[in-house]
Amino acid sequence: MTRRIRTAAAAALLATLAALGGCSSSDQDAAHSTADSAAQEGDAGAGTSQADAGPGARAAATARPAVAERAVIATATVALHSDDVRAARNDVQQVADALRGEVADEEADSSDGELVWTRLVLRVPTARFGDAITRLEEIGELDSTERDTEDVTTQVIDNEVRIRAQERSLRRIEVLLDRADRIADIVSIESELTRRQSDLDSLKQQRVWLADQTSMSTITVHVERTAAGATPETEESGFLSGLASGWDGLSGAAVALATVAGLLLPWAVVALALGLPLWWVARRGPRSGRNAAEPPAQPLS
């Protein structure tokens, strides 16, 4: 009788475990729709409860944080030119310090002991994203600015719903593990518990990444040294200027004539090689004919 009871209990445990697997998958499928409507339902429910409840309940509801705030991942790239790259680099560092940010990564290139190019990756609070870009654009001569923002509010809510569903599933499986008394049941339940714990850890890591990306924006700054000789030249006049212009014109004409001569020289050689024999044959032919037609000269008596 006792053996039958244990067999029935084990079968019930396995059936419950299978049901939990189905419940967990259904919970995760429902997480998508729950995440999309969680903020709206929370706001509507809060408004209804505040309207129906008394002043004390309204104050408590006001003190509670909002169900979901707008979560945005902001990135930007700023390209600058400067005569002094080292000074510009220090200015970028000061902007990061003033906004309670940091320089997360940096690359640099130098020539003759002087910086000619640097790339800095800044992490600044997302709330100061626009202010940071405005300050960075004033450090040197601005070449370009690119901004990109991505709203991940739904993704954040969906991740939170999935974490709560997975935690509830783990608690139910732990209860089953405490009730199991057969080795086969314990091994099966522990395997399922390990898998779901791994899924929960992955969701929590994603939550940490989202929190980091939405709380701190990323700005990449490129600073390049202004090319030497980029200043505009003043126009000159007078004898020396005219002489220089004339010499430039003469040099240009000489180059043009040399180019034409080089172009015609191969054709002249071919024409001379073919035309000279033809001219010689044409010159000798009529003279030989005339000599043959003339009668021989009569001797004088």
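Our subject is the structure that appears above.
Here we summarise the structure given alongside this text.

1. Observations concerning unusual backbone geometry
- For Arg 100, which is not glycine, the phi torsion reads 60 degrees and is therefore positive.
- Residue placement: Arg 100 occurs in the loop between helix H3 (85-98) and strand S2 (102-111).
- With relative accessibility at 75%, the residue Arg 100 sits in the exposed group.
- A positive phi angle, near 55 degrees, is found at Asp 112, a position not held by glycine.
- Within the fold, Asp 112 resides in the loop between S2 and strand S3 (114-125).

2. Notes on the pattern of salt bridges
- Tallied over the entire structure, the rule returns 13 salt bridges.
- The partner of Asp 105 in a salt bridge is Arg 119, with the nearest N and O atoms 3.7 Å apart. Remark: Arg 119 occurs in strand S3 and Asp 105 occurs in strand S2; sequence separation between them is 14 residues.
- The partner of Arg 196 in a salt bridge is Glu 192, with the nearest N and O atoms 2.6 Å apart. Taken as a pair, Arg 196 and Glu 192 lie in helix H6 (residues 183-215) at a separation of 4 residues, close to a single helical turn. No difference in accessibility class separates Arg 196 from Glu 192, as the two residues are buried.
- Counted as one network, the salt bridges with shared partners bring together Glu 192, Arg 195, Arg 196 and Asp 199.

3. A look at the sheet that holds strand S1 (residues 72-82)
- The 5 strands lie next to each other as S2-S3-S5-S1-S4, forming an open sheet whose pairing is mixed. The sheet is open, and its two edges are formed by S2 and strand S4 (141-151), each paired on a single side. Pairs of neighbouring strands in the sheet enclose a mean axial angle of 10 degrees, with direction left out of account.
- Two strands pair when backbone bridges link them, and S1 and S4 are joined in this way by 10 bridges, in the antiparallel orientation. When the bridges of S4 are listed, Thr 75 appears paired with Asp 148.
- Across the sheet, H3 is in contact with S1, S2, S3 and strand S5 (216-225); its angle to S3 comes to roughly 10 degrees.

4. Comments concerning the pairing of S3
- Counting buried residues in S3 gives 9 out of 12 residues, a clear majority hidden from the surface.
- Taken together, the 9 bridges between S2 and S3 define a ladder with antiparallel strand orientation. Note on S3: the bridge partner recorded for Glu 106 is Leu 120.
- Hairpin remark: S2 followed by S3, antiparallel, with 2 residues in the connecting loop; positive phi at Asp 112, about 55 degrees.
- One ladder, built from 9 bridges, connects S3 with S5; its direction is antiparallel. Residue Arg 123 lies in a different strand from S5, and its bridge partner there is Thr 218.

5. Observations regarding the packing of H3 against helix H4 (residues 129-137)
- Contact geometry of H3 with H4 gives a least axis separation of 10 Å together with a crossing angle of 160 degrees. Judged by the angle between their axes, H3 and H4 are roughly antiparallel. As H3 packs across H4, the resulting crossing turns out to be right-handed. Residues Val 92, Val 95 and Ala 98 of H3 lie in contact with H4, whose contacting residues are Ala 132, Arg 135 and Leu 136.
- When grouped by side-chain class, the residues that make up the contact of H3 with H4 number 5 nonpolar, no polar and 1 charged.

6. Things to note about a negative patch on the surface
- Together, Asp 83, Asp 84, Glu 141, Asp 143 and Glu 224 give the surface a local cluster of negative charge.
- For Asp 83, the location among the structural elements is in the loop between S1 and H3.

7. Digging into the nonpolar core
- Core analysis: the biggest nonpolar cluster contains 22 residues, and Val 92, Leu 122, Leu 136, Ile 139, Ile 219 and Val 221 have the highest contact counts within it.
- Where this core is concerned, the elements lending two or more residues are S1, H3, S3, H4 and S5.
- Take this core: its biggest share by element is 5 residues, from H3.
- Those residues in contact with Ile 139 that sit more than four places away from it in its chain are Leu 80, Ala 88, Asp 91, Val 92 and Val 95.
- Of all hydrophobic cores here, the second largest spans 9 residues; its members include Leu 170, Leu 176, Ile 189 and Leu 200.

Thresholds applied
Residues numbered from 1 in each chain as written. Predicted model: local features only at pLDDT ≥ 70, side-chain atom pairs only at ≥ 80, totals over all residues. Heavy atoms only, no water. Helix = DSSP H or I, 4+ residues; strand = E, 2+ residues; numbered from the N terminus. Buried < 20%, exposed > 50% of the residue type's maximum accessible area, 1.4 Å probe, protein only. Salt bridge = Lys/Arg side-chain N within 4 Å of Asp/Glu carboxyl O. Pairing = 2+ DSSP bridges. Axes fitted to C-alpha atoms, helices over the stretch in contact; angles between N-to-C directions. Contact = heavy atoms within 4.5 Å. Parallel < 35°, antiparallel > 145°, perpendicular 65-115°, else oblique. Left-handed = near helix turned anticlockwise from the far one by under 90°. Nonpolar A, V, L, I, M, F, W, Y, C, P; charged D, E, K, R; others polar. Patch = residues over 30% accessible without salt bridge, like charges linked within 9 Å, V, L, I, M, F, W, Y side chains within 5 Å. Areas by Shrake-Rupley, 256 points an atom, 1.4 Å probe, with all protein chains shown as cover. Lys, Arg positive; Asp, Glu negative; His and termini not counted. Charge placed at Lys NZ, Arg CZ, Asp CG, Glu CD. Core = buried A, V, L, I, M, F, W, Y, C linked by side-chain atoms within 4.5 Å.

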